[in-house]
Amino acid sequence: MHLYYLGPEGTFSYLAAKKYFSKDNFNFIPKSNLYEVIKAVNSDAQSVAIVPIENSIEGTINIVADALAQQHVFAHGEIHLDINFGLYATSDSKVENIKKVYSIAPAISQTSQYIQKHQFSYDYVDSTIQGLEKISSDVAAIVPVGSGEMYGYTAIESNIQDYPHNVTRFLVIKNDNNFESKTNNTMLLITPKYDKAGLLASILTTFALFDINLSWIESRPLKTQLGMYRFFVQADTGLSDNLNKVISILETLDFSVKIIGAFHRQ
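Residues numbered from 1 in each chain as written. Predicted model: local features only at pLDDT ≥ 70, side-chain atom pairs only at ≥ 80, totals over all residues. Heavy atoms only, no water.

A. Just the domain arrangement of the chain, in detail. Parsing the chain into structural domains produces domain 1 (2–83 + 166–174), domain 2 (85–158) and domain 3 (185–263). Computed from C-alpha atoms alone, the centre-to-centre distance between domain 1 and domain 3 is 24 Å. Of the residues lining the interface, 18 residues belong to domain 1; the matching set on domain 3 comes to 15 residues. Note on domain 1 versus domain 3: buried area summed over both sides is about 1300 Å², and carbon and sulfur give 54% of it. Where domain 1 meets domain 3, there are 1 salt bridge. Two residues, R220 and D66, come together in a salt bridge whose shortest N-O distance is 2.7 Å. For the side of domain 1 that touches domain 3, the elements supplying multiple residues, two or more each, are strand 3 (47–55), helix 3 (62–70), strand 5 (74–82) and strand 11 (167–174). It is helix 3 that contributes the most residues to the side of domain 1 that touches domain 3, 6 residues altogether. Here the side of domain 1 that touches domain 3 is composed, by residue class, of 8 nonpolar, 6 polar and 4 charged. (Domains from an automatic or database assignment. Contact = heavy atoms within 4.5 Å. Buried area = accessible area lost by both parts, 1.4 Å probe. Salt bridge = Lys/Arg side-chain N within 4 Å of Asp/Glu carboxyl O. Helix = DSSP H or I, 4+ residues; strand = E, 2+ residues; numbered from the N terminus. Nonpolar A, V, L, I, M, F, W, Y, C, P; charged D, E, K, R; others polar.)

Structure follows, in structure tokens:
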């Protein structure tokens, strides 16, 4: 069975995939960007993919949220991964000699205080591991702690992220909605049919009526006109009678509701 992830080996997506799946049972296939990961799993019924959906510092990963809304992919699990960055360079390099760093945009953002402190210039690559290709005497890469060693590089400083409690939530996605029967979390896409006052309040109130907690709420533009949004929610309940009642009420309030994920959350 194929498992697609944002590669190459050593990225946070790869580390998350290894945390959830065994390479003995899955053929790990790296892709160069998240769009290609989603495209691959969308067209391969015998596959899963690991994609980041939310970071505790940066918030929601929009390309993945939009894919859940617009493409035939569904969430079947989630993985929480601690995010620790290291500054990787040649073995004889010192921090004071580094002038420039490379990494992906979220990594640059999540280490911005460290970068500013050392007055590094910076530029972007498609994956954290790709930054290792840029290393020279005065150039370093910001890479997941422990991953640079896979390619023969050394971390000259570790845990350089701006905030110590940095966690990314990944989703396990497939191109089918045949969810397991025993779940305790459900992700829904709630789209208003037209704009009116109190849209979000109506959604929150309906879940509150049945004492269902929401652990994730996100809005994204409908992309049809300015000011129109759809809402993503993750409810702390499985595919239950109460959830069906919530959906029925929301539909009577002129919302379109689609279940985009269901899984057992640890």
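B. Expanded view of the layout of surface pockets. By volume, the largest pocket amounts to about 450 Å³. In this structure, the largest pocket is lined by 24 residues; those nearest its centre are L6, P52, I61, I104 and P106. Of the residues forming the lining of the largest pocket, the biggest block, 5 residues, is contributed by helix 4 (residues 105–110). Along the lines of polarity and charge, the residues of the lining of the largest pocket split into 14 nonpolar, 8 polar and 2 charged. Of the residues that make up the lining of the largest pocket, three or more belong to each of domain 1 (2–83 + 166–174) and domain 2 (85–158). In this structure, the second largest pocket occupies an estimated 350 Å³ of space. (1 Å grid on protein atoms, 1.4 Å probe; cavity = no way out; pocket = protein on both sides within 12 Å on 5 of 7 lines; lining within 4 Å. Points joined across faces, edges and corners; volume = space filled by probe spheres on them.)

C. Molecular detail of the pairing of strand 9 (residues 139–144). Buried residues dominate strand 9, accounting for 6 of its 6 residues. Relative to strand 9, strand 6 (residues 85–89) is paired through 4 bridges, and the arrangement is antiparallel. Each residue of the ladder has a partner; that of F85, found in strand 9, is P144. Relative to strand 9, strand 7 (residues 100–103) runs parallel, the two sharing 3 bridges. Its bridge partner lying in strand 9, V101 is registered against A140. (Buried < 20%, exposed > 50% of the residue type's maximum accessible area, 1.4 Å probe, protein only. Pairing = 2+ DSSP bridges.)

D. Local environment of the environment of S127. Summarising the element assignment, S127 is placed in the loop between strand 8 (121–124) and strand 9. Taking the C-alpha atoms as reference points, S127 and K31, 96 residues apart in sequence, are found 10.0 Å from one another. If near-sequence neighbours (up to four positions away) are discounted, S127 is found in contact with G7, P8, T11 and I104. In terms of polar contacts, S127 uses its side chain to reach the backbone amide nitrogen of Q130, at 3.1 Å. (Polar contact = N/O pair within 3.5 Å; in protein donor to acceptor, adjacent residues only side chain to side chain.)

E. The arrangement of the environment of F26 in detail. Structurally, F26 can be placed in the loop between helix 1 (12–20) and strand 2 (27–31). C-alpha separation for the pair F26 and I156, spaced 130 residues apart in sequence, amounts to 34 Å. The residues touching F26, leaving out its near neighbours within four places in the chain, are M1, H2, L3, F21 and V48.

F. Inspection of the UniProt feature "domain: Prephenate dehydratase" (unreviewed entry) in the chain at higher detail. The UniProt entry lists residues 2–175 under the feature "domain: Prephenate dehydratase" (unreviewed entry), expressed in the numbering used here. Secondary structure across residues 2–175 comprises 23% helix and 36% strand; the distance between its end C-alpha atoms is 13 Å. (UniProt positions renumbered as here; feature names shortened; annotations may be inferred.)

G. Expanded view of the packing of helix 6 (residues 199–209) against helix 7 (residues 241–252). Packing of helix 6 against helix 7 brings their axes to within 9 Å, and their N-to-C directions diverge by 150°. In terms of orientation, helix 6 lies roughly antiparallel with respect to helix 7. Judged by the sense of rotation from one axis to the other, the crossing of helix 6 with helix 7 is right-handed. Judged by residue contacts, S202, I203, T206 and F207 of helix 6 engage L243, V246, I249 and L250 from helix 7. Among the residues making up the contact of helix 6 with helix 7, the classes are represented as 6 nonpolar, 2 polar and no charged. (Axes fitted to C-alpha atoms, helices over the stretch in contact; angles between N-to-C directions. Parallel < 35°, antiparallel > 145°, perpendicular 65-115°, else oblique. Left-handed = near helix turned anticlockwise from the far one by under 90°.)

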